[in-house]
Amino acid sequence: MTKYDYDLFTIGAGSGGVRAARVAAGYGARVGIAEEFRVGGTCVIRGCVPKKLFVYASEFGHGFREARGFGWSADNVRFDWSKLIENKDDEIDRLNGVYIRNLKNSGVDIVDSRATVKDQHTVHLVKENRDITADKILIATGGAPFIDQNVPGHDLGITSNDVFHLEKMPHHVVVVGGGYIAIEFACIFRGLGCEVCLVYRGEDILRYFDRDISVQVHEELKRQGVRVITQTTLEKIEPLNGEEKRIHLSNGNHIDADLIFWAVGRNPATKDLGLEKAGVELTKNGAVMVDEYSKSSVDNIYAVGDVTDRVALTPVAIREGSAFAETCFNDNPTDVDYRFIPKAVFSQPPVGTVGYAEHEARKKFKAVDIYKSDFRPMKNTLSGSEARTLMKIVVNAENDQVVGCHIVGHDAAEMIQCIAIAIKAGVTKKQFDDTVALHPTAAEELVTMREKYKPNV
Ligand code: NDP
């Protein structure tokens, strides 16, 4: 028995915090966890899960049209926004309940309150206005979307925190940004039938990805009727009648829309948490600085997930949470391997990617071979859709190892999860070639690319 109320107190019950709390409790630790919003965190409550449900809803928008080519008549189909919101809310409530039950079954005390750090071993529970003490404190508060406050009228727009609770479906949406959330929601709204305009400050959307991915997704957005305006920022937003707003752009034009959706990034949620006072060092953008075992600059305070600004993805936060609990409560120092993490953007069609982009590989390795295939998938021969599939393999030419794979097309995310296993295990291009194709699939293209890609220079 230690002199503290808890062996571990976790602030934030999202993916990372919940995993850490449950694993630590499983090793016999006395664990408490505080959550100011809803147990489940961003991923479950207002991120990955409701987003994917919206993606499914939106895909039907294309599906009904494309079904005609296969003999179906799907006339007079209607979409009911409030039904989608209601069913989505039910599912999120169910998952929230599962998370709460799992914590309780693991013996973790849940506190429904904002919590702040008072000193190295004391946490203040704001709602209950009381302090508790803990041997170890884990910061797992995640991140929060931000808005560009320099734009006059910026608060006429919403963020991903609000988008899952809109009372009505918008007619004309302006999405600001060119990253994950911007691209996914541009496609969601377009599939549901809205007019969509994407305003991005740079040249290439999804600029952290392989450039072929970025170009392909840009083309697919245009093909679906999303108006993509690049190298442009917002100058000012002003209210018009009713829900309408006028967005003045840096290119001198303006757009009228009833929804402005800021998707310009997320910041680590450390504001007013009391961390600096407790001696915890933060980076310039407010992330908790941690070592490879997720330990902060204070010996007994740790942090996992988006609040550390390492790789802001749910499965990574979960791994960091487990590794922390292994290290601190099972006497088994465990770090997280960040190599070859598969990633997806749930655009339509989706992106799946793992490993080095071509430009990264060319910097890292002496010689690189590229294999590329860009084709019309079989389904689209009858569906009438002009959407194409792109597959690209990046090979370290010195040892034939496949170091990157990038796909835009149906089921890209599903394919990449499996390819990631092989790539992480060190698969060579020859082993890809030695694998018999599975016909007829799109994925067979991955094992039948023989010609090295030669750019037209
Ligand atoms: P991203 O970092 O992906 O994209 C932010 C975008 O906003 C970039 O295009 C950026 O431009 C632009 N931007 C930044 N500041 C401004 C500004 N002041 N004015 C105009 N544009 C600006 O962030 P997201 O919010 O889309 O997503 C946050 C994180 O959440 C992601 O990085 C990802 O880790 C995670 N996520 C993962 C998903 C998935 O796995 N499918 C889905 C959704 C989120 P520039 O490119 O020039 O920097």
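Data block above holds the structure.
Residues numbered from 1 in each chain as written. Predicted model: local features only at pLDDT ≥ 70, side-chain atom pairs only at ≥ 80, totals over all residues. Heavy atoms only, no water.

A.B. asks: Is there a simple way to explain the layout of surface pockets in this structure?
C.D. replies: In this approach, a probe sized like a water molecule rolls over the atoms, and the result shows the empty space that is left. Its boundaries defined by the atoms lining it, the second largest pocket holds a volume of some 1,200 Å³. Residue lining of the second largest pocket: 41 residues in total, with E59, F60, H62, G63 and Q348 positioned closest to the centre. Looking at the lining of the second largest pocket, the elements that each hand over two or more residues are α3 (48-67), α6 (180-191), α7 (211-224), α10 (379-383) and α11 (412-424). Of the residues forming the lining of the second largest pocket, the biggest block, 13 residues, is contributed by α3. Of the residues that constitute the lining of the second largest pocket, the class distribution is 16 nonpolar, 13 polar and twelve charged. (1 Å grid on protein atoms, 1.4 Å probe; cavity = no way out; pocket = protein on both sides within 12 Å on 5 of 7 lines; lining within 4 Å. Points joined across faces, edges and corners; volume = space filled by probe spheres on them. Helix = DSSP H or I, 4+ residues; strand = E, 2+ residues; numbered from the N terminus. Nonpolar A, V, L, I, M, F, W, Y, C, P; charged D, E, K, R; others polar.)

A.B. asks: Would you mind going over empty space enclosed by the protein with me for this structure?
C.D. replies: Evaluated as defined, the whole model comprises two cavities of 30 Å³ or more. By volume, the largest cavity amounts to about 50 Å³. Lining the largest cavity are E292, Y293, S294, R310, E320, A323, F324, T327, T334, D335, V336 and Y338. Tallied by class, residues from the lining of the largest cavity come to five nonpolar, three polar and four charged. In this structure, the second largest cavity encloses a volume near 40 Å³. When its residues are assigned to classes, the lining of the second largest cavity shows six nonpolar, three polar and one charged.

A.B. asks: Even after reading the chapter, I still don't get the packing of aromatic side chains, so can you show me in this structure?
C.D. replies: Aromatic ring pairs are defined here through the distance separating the ring centres and the angle between the ring planes. For the structure on display, the rule yields twelve aromatic pairs. On the numbers, 5.0 Å between centres and 55 degrees between planes, the contact of Y302 with F324 is tilted. Placement of Y302 in strand β16 (residues 301-303) and of F324 in helix α8 (residues 314-329) is noted, with a sequence separation of 22 residues between them. What makes Y302 buried here is its relative accessible area of 7%. (Phe/Tyr/Trp six-rings, centres within 6.5 Å; stacked < 30°, edge-to-face > 60°. Buried < 20%, exposed > 50% of the residue type's maximum accessible area, 1.4 Å probe, protein only.)

A.B. asks: Got a minute to help me understand the sheet that holds strand β12 (residues 245-249) in this structure?
C.D. replies: Paired through their backbone hydrogen bonds, the strands of a sheet run either parallel or antiparallel. Reading across the sheet, the three strands line up as β11-β12-β13 and stay open at both edges, with antiparallel pairing between neighbours. The two strands at the open ends of the sheet, each matched to only one other strand, are β11 (234-239) and β13 (254-257). The sheet shows a mean angle of 20 degrees between the axes of neighbouring strands, taken without regard to direction. Bridging between β12 and β13 involves four bridges; their strand directions are antiparallel. Looking at β13, one finds that R246 is bridged to D256. (Pairing = 2+ DSSP bridges. Axes fitted to C-alpha atoms, helices over the stretch in contact; angles between N-to-C directions.)

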